[in-house]
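# Chain and residue survey
Each chain, letter by letter, is given below.
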Amino acid sequence: FGINMKCASCHDSFIARWKLDDAYGLAAVIADEPLEIHRCDKPIGKQATPRFLWPELGEIDSSAPKPTRLEQMAALVTHADNGRFARTIANRIWQRLMGRGIVHPVDVMANRPWNEDLLDYLAVYLADHAYDLKQLIEHITTSRAYQSRHVVMTEEPSNDDYVFQGPVLKRMTAEQFLDAIWMISRSGPDKVVAPIKPPD
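Here's a quick rundown of the structure. (Residues numbered from 1 in each chain as written. Predicted model: local features only at pLDDT ≥ 70, side-chain atom pairs only at ≥ 80, totals over all residues. Heavy atoms only, no water.)

### A word on the packing of aromatic side chains
Selection rule: Any Phe, Tyr or Trp ring, taking Trp's six-membered ring, that has another such ring centre within 6.5 Å forms a pair; planes under 30 degrees apart are called stacked, those over 60 apart edge-to-face, and the others tilted. Helix and strand definitions here come from DSSP, where helices need a minimum of 4 consecutive H or I residues and strands a minimum of 2 consecutive E residues; each element is numbered from the N-terminal end. When accessible area is computed with a 1.4 Å probe and restricted to protein chains, residues below 20% of their type maximum are described as buried, those above 50% as exposed, and intermediate ones as partly exposed. Cation placement over rings: the criterion is NZ of Lys or CZ of Arg within 6 Å of the ring centroid and within 35° of the ring normal.
A full pass over the atoms with the stated rule returns seven aromatic pairs. On the numbers, 5.5 Å between centres and 50° between planes, the contact of F85 with Y131 is tilted. Here F85, found in helix 4 (residues 83-98), pairs with Y131, found in the loop between helix 5 (116-128) and helix 6 (133-141); they are 46 residues apart in sequence, far enough to count as distant. Owing to a relative accessible area of 22%, F85 belongs among the partly exposed residues under this scheme. Between W94 and W114, the ring centres sit 6.3 Å apart and the planes meet at 55°, which makes this aromatic pair tilted. One end of the pair, W94, is in helix 4; the other, W114, is in the loop between helix 4 and helix 5, and 20 residues separate them in sequence. We classify W94 as buried; its relative accessible area is 4%. On the basis of relative accessibility, which here comes to 25%, the residue W114 falls in the partly exposed class. The cationic tip of R100 hangs over the ring face of Y162; the distance from NZ or CZ to the ring centre is 4.2 Å.

Spelled out as structure tokens, the structure:
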């Protein structure tokens, strides 16, 4: 978040409609003390007012203590009328399992999804199942789409040209590879966490 604020402190967002005041307003919700707005690392003499990015869903009491502001923000983020919440989570889960989000990249939810109906379906499914991530993961992984043949993506297609053909083949992480070797060779450590003596 600090890196984003550093970038946001110089200008309005390049990838969304948010302004400098919006970024600082959101940061002020979680700040421990009053937050002065900076542009290019220079204070502009204005204090940020704690607020949510979508005021149509509700407001945050800027005079409330931080724990209360956090509760108010959590209520707004998970509000039943905030369709962005379920769509964002569903998109991120899909991306983790399939290799590419329905909205790509996953951090720019303002982009057009390659299949809006699918994204809406998964978001409604998640909400209808009390935001149970395990249930959503099971629903996706037992689908024909997930179990279809994996595709090798040699170059990144543009959002307009992308057509889903199957999950993107991806390399194992080092941890997954080591776990697989240990399982096949039955040579894994007896204890999950080996004792380590830190150096003097």
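Having seen it, we continue.
### Here we look at the pattern of salt bridges
Pairing of side chains with opposite charge becomes possible as their charged atoms draw close. Defined as follows: For this document, the term salt bridge refers to a Lys or Arg side-chain nitrogen within 4 Å of an Asp or Glu carboxyl oxygen.
Counting across every chain of the model gives seven salt bridges. The closest approach of N and O atoms between K46 and D21, which form a salt bridge, is 2.9 Å. Within this pair, whereas K46 is found in strand 2 (residues 42-47), its partner D21 is found in helix 2 (residues 20-30), the two being separated by 25 residues in sequence. Here D21 falls in the partly exposed class, since its relative accessible area comes to 28%.

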